[in-house]
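# Breakdown of the fold
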Amino acid sequence: MGVEARATNERVTGRRWTVRLDPVGRGRADVRVSCSRPACAAQVLPSAAAGRTAAIGHLKAHLRAGPAPRPSVHCACRAEECHTHIRPAGPRERPVPWRCGGAVVLAVITDREGRWWQVMECCSRCAAAHPTAKVVATAPAAEAPARSDGFRADAAAPATPGGVATPGGPTATTPTFSAAGPHFSHSATATGTAVPQQASAPRSDPRSDPRSAPRSARPTRRRPPRGRIAQRLVPHDLRPVELRDELTELGELFRAYQARTEPDLALLAELHARKAEAFHAWAEATADTGLRLDAQRAEQAAATARLQHLHRIGQAPDGEGPAVARLLTAPAQWNHARAVLAHVAENAPLPGAEARLLVVMVTLRTAQSGVGNLVGQDVKGLPLQDPQHLVEQLVESGWLGISGTVEELIASRPENPTQITVPSLTPDEDDPGPFTFGRKLRPKLSGWAQRVVGEKKLRKGKTEADVRLLALALATGSDGEGRLGPGGEGIGVDALSSWCAVDPGDLPALVDRLTAADWLAEAEVTDTLLTGRLTERVLPLGCPLT
């Protein structure tokens, strides 16, 4: 064979590259996304969820832009002799690597923790040996090389005494050759020799002999699909059956969780706890030390996910102090605080930020029964230009009722408070009222709002009512770490400007006032979102989103 012919038949090793997700440093939440391809620069993302999304998007972009798998390449595993999936050996056997074969495919392999994704141009047999492999593209059938005698290797062979040639295909006992190698249709031809028929044997009717029927028409026995969990296949004969079904269901639940767009650490902790219990039972049934170690790792993963969930919602593990000593300590209390603010935003009787702020404080004083007490300092302590006139407007509108005159209310002291009523909050037989919390929670919510509105630096900075309203909104619109919006993605500018009763263009000035008062850090206002986080100083006043 000439030099040119040898160069034409040379085969290169398949492509392979990896996208990784690594922590930036100990104790930090941000992560680094890197790709092994030379032209790809590393990215730093603020959280593991954002990093995982970016890594998957980067991988998909490569798959869309890259070429299809090439039918003539060597399997990418071949460089490693398939050491990543060695066939298990018996007690007296040496481990044997899987042999490459089948069509060339483009497969994506990932680890079970979701920390790296590897794309391989490999054969279909090697792809099938990886439990996590997903085939995204298959190469077209390669044209068979020409033989030295001028015939193609996959040409139909002539009929032999052992079989009859069919149109467009080989006989039932003749080996066929393709680019992937020889494939035999019957075990008797493993040596390449045909089995001759007896000359005296009568020719049977092909319609009555099931062996003469086409292979596709013969009945096949199909095993039920096998469950898969943590890169392990669940055996068909595993007993008890309840354990086998539990392992299969857990594998499906873990795969469904990985497909979620948002994490749920409480659900993840429950899944790991179930996995630990199931793997302990599996190890007892099979005496497999590896399963017992996997069960212990699942227990550790469950404890870690549970702890992360408690930290995210601001609660403390049993026997430990809270990560943040919040004024309102339970998710139910945080939700009730948000419900009060939402009710005021929809039912404020007067326009303007000052009226909105006064209505919030009066609503919290009368939320449970529609009746409460108020003194002059409660009104005069708010940043209102003319508190007496504003109270008169609320009384004239019918939203507020007082037992005496407005002057008496402004002059009242704690030892002689003025009774007030809010008819829209008074429950009756037909209407229990807009709120469902009890008498013990109402003063906690009222005290929380007073602490936020009268916070020391806001008070010393003489901030206006709209700034105090923005502080209330951000305290109830951040997560457990203080990041604004669900998942730290920010809060809509229109919603904030509507709540503060200001124009959207005035919102950046309010944000600057809160930043100067050490309420906000890393704040950034765009046309649609306010992003940033609450400072450590005011985290105890927050009501985290759950």
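The next point concerns the packing of aromatic side chains. Scanning all chains against the criterion turns up two aromatic pairs. An angle of 75° between the planes, with centres 5.5 Å apart, marks the rings of F279 and W282 as edge-to-face. Here F279 and its partner W282 are both found in helix 5 (residues 265-286), three residues apart, which amounts to about one turn of the helix. When its relative accessible area of 0% is taken as the criterion, F279 is described as buried.

The subject of this paragraph is the packing of helix 7 (residues 331-347) against helix 8 (residues 353-366). Relative orientation and spacing of two packed helices are given, respectively, by the angle between their axes and the distance between those axes. Where helix 7 meets helix 8, the axes come as close as 10 Å, and the angle between the chain directions of the two elements is 130°. Looking at the two axes, helix 7 sits oblique to helix 8. Between helix 7 and helix 8 lies a crossing of right-handed hand. Facing helix 7, whose interface residues are V340, L341, V344 and A345, helix 8 presents R356, V359, V360, T363 and L364. When the residues that make up the contact of helix 7 with helix 8 are grouped by side-chain class, the tally is seven nonpolar, one polar and one charged.

Nonpolar side chains in soluble globular proteins generally cluster together in the buried interior. Counting residues in each nonpolar core, the largest one holds 71 residues, and the members touching the most others are L400, W448, L470, L474, L514 and W519. When near neighbours in sequence (up to four residues on either side) are disregarded, L514 contacts L458, V467, L470, A471, L474, W519 and L520. By size, the runner-up hydrophobic cluster in this structure holds 20 residues, among which are V234, L238, L291 and A305.

The alternating pattern of strand 15 (residues 418-421) places T418 and I420 on a buried face, while none of Q419 and T421, on the opposite face, is buried. Sheet topology note: the strand 14 (residues 401-402)/strand 15 ladder contains two bridges and is antiparallel. Each residue of the ladder has a partner; that of I402, found in strand 15, is I420.

On the basis of which strands lie adjacent, the open sheet formed by six strands has the order 3-2-1-7-6-8 and antiparallel pairing. What marks the edges here is a single partner per strand, and that holds for strand 3 (43-45) and strand 8 (134-138). Each strand axis lies, on average, 20° off the axis of its neighbour in the sheet, ignoring direction. By the bridge criterion, five bridges tie strand 1 (residues 16-23) to strand 7 (residues 116-123) in an arrangement that is antiparallel. When the sheet's bridge partners are listed, R20 is paired in strand 7 with W116. Against the sheet, helix 2 (residues 48-65) engages strand 1, strand 2 (31-35), strand 3, strand 6 (104-110), strand 7 and strand 8, with an angle of about 170° to strand 1.

Packing of helix 7 against helix 12 (residues 441-453) leaves a shortest axis separation of 11 Å and a crossing angle of 65°. By the criterion of interaxial angle, the relationship of helix 7 to helix 12 is roughly perpendicular. Seen along the crossing, helix 7 lies across helix 12 with a hand that is right-handed. Packed against helix 7, whose contacting residues are Q333, H336 and A337, the element helix 12 presents L441, K444, L445 and W448 at the interface. The residue makeup of the contact of helix 7 with helix 12, split by class, is four nonpolar, two polar and one charged.

Cis geometry marks the peptide bond from R239 to P240; its omega dihedral reads 5°. Locating P240 in the fold gives a position in the loop between strand 12 (232-233) and helix 4 (241-258). Positive phi, normally seen in glycine, also occurs at A287, with a value near 55°. Among the secondary structure elements, A287 is positioned in the loop between helix 5 and helix 6 (289-313). Even without glycine at this site, A501 takes up a positive phi of about 60°. Residue placement: A501 occurs in the loop between helix 15 (493-500) and helix 16 (507-516). Overall, the relative accessible area of 32% leaves A501 in the partly exposed class.

Here we take up a negative patch on the surface. Taken together, the side chains of D428, E429, D430 and D431 make up a negatively charged region of the molecular surface. By the secondary structure assignment, E429 is in the loop between strand 15 and helix 12.

Before going further, it helps to examine the sheet that holds strand 16 (residues 491-492). Ordered in space as 16-18-17, the three strands form an open sheet in which the pairing is antiparallel. At either end of the open sheet lies a strand with only one pairing partner, and these are strand 16 and strand 17 (520-525). Where strand 16 meets strand 18 (residues 529-534), two bridges bridge the pair, whose relative direction is antiparallel. In the strand pairing of strand 18, I491 is matched with L530.

A separate point is the pairing of strand 7. Taking burial as the measure, the eight residues of strand 7 include seven buried ones, the bulk of the element. Pairing analysis gives seven bridges linking strand 6 to strand 7, with the strands arranged antiparallel. Counterpart to V104 in the pairing with strand 7 is C123. Linking two consecutive strands that pair antiparallel, namely strand 6 and strand 7, is a turn of five residues; a positive phi of about 70° is found at G114 within it.

Scored by pLDDT, the chain has a mean of 78; 75% of the residues are at 70 or more. Note that residues 1-9 has pLDDT below 50 and, in this model, two contacts with residues that lie over four places away or in other chains.

Turning to the pattern of salt bridges, a few remarks are in order. All told, the structure shown has 19 salt bridges when counted by the stated rule. With a closest N to O distance of 3.3 Å, R533 and E522 form a salt bridge. Note that R533 is positioned in strand 18 and E522 in strand 17, a separation of 11 residues in sequence. For R533, a relative accessible area of 27% translates into the label partly exposed. Judged by relative accessible area, E522 falls into the exposed class, the value being 61%. Taken together, the salt bridges that share partners define one network made up of E455, K457, D518 and R537.

This part is about helix 5. Over its 22 residues, helix 5 extends 31 Å from the first C-alpha to the last, a length consistent with the 32 Å expected when each residue adds 1.5 Å. Listed as buried for helix 5 are L265, L268, A269, L271, H272, K275, A276, A278, F279, W282 and A283. Phi turns positive one or two residues past the end of helix 5, at A287, with a value near 55°.

Another aspect to go through is the side chain of D30. Structurally, D30 can be placed in the loop between strand 1 and strand 2. Excluding residues that lie within four positions of it along the chain, D30 makes contacts with P23, V24, V44, L45, P46 and S47.

Cut-offs and rules
Residues numbered from 1 in each chain as written. Predicted model: local features only at pLDDT ≥ 70, side-chain atom pairs only at ≥ 80, totals over all residues. Heavy atoms only, no water. Phe/Tyr/Trp six-rings, centres within 6.5 Å; stacked < 30°, edge-to-face > 60°. Helix = DSSP H or I, 4+ residues; strand = E, 2+ residues; numbered from the N terminus. Buried < 20%, exposed > 50% of the residue type's maximum accessible area, 1.4 Å probe, protein only. Axes fitted to C-alpha atoms, helices over the stretch in contact; angles between N-to-C directions. Parallel < 35°, antiparallel > 145°, perpendicular 65-115°, else oblique. Left-handed = near helix turned anticlockwise from the far one by under 90°. Contact = heavy atoms within 4.5 Å. Nonpolar A, V, L, I, M, F, W, Y, C, P; charged D, E, K, R; others polar. Core = buried A, V, L, I, M, F, W, Y, C linked by side-chain atoms within 4.5 Å. Pairing = 2+ DSSP bridges. Patch = residues over 30% accessible without salt bridge, like charges linked within 9 Å, V, L, I, M, F, W, Y side chains within 5 Å. Areas by Shrake-Rupley, 256 points an atom, 1.4 Å probe, with all protein chains shown as cover. Salt bridge = Lys/Arg side-chain N within 4 Å of Asp/Glu carboxyl O. Lys, Arg positive; Asp, Glu negative; His and termini not counted. Charge placed at Lys NZ, Arg CZ, Asp CG, Glu CD. pLDDT = per-residue confidence, 0-100. Expected span 1.5 Å × (residues − 1).

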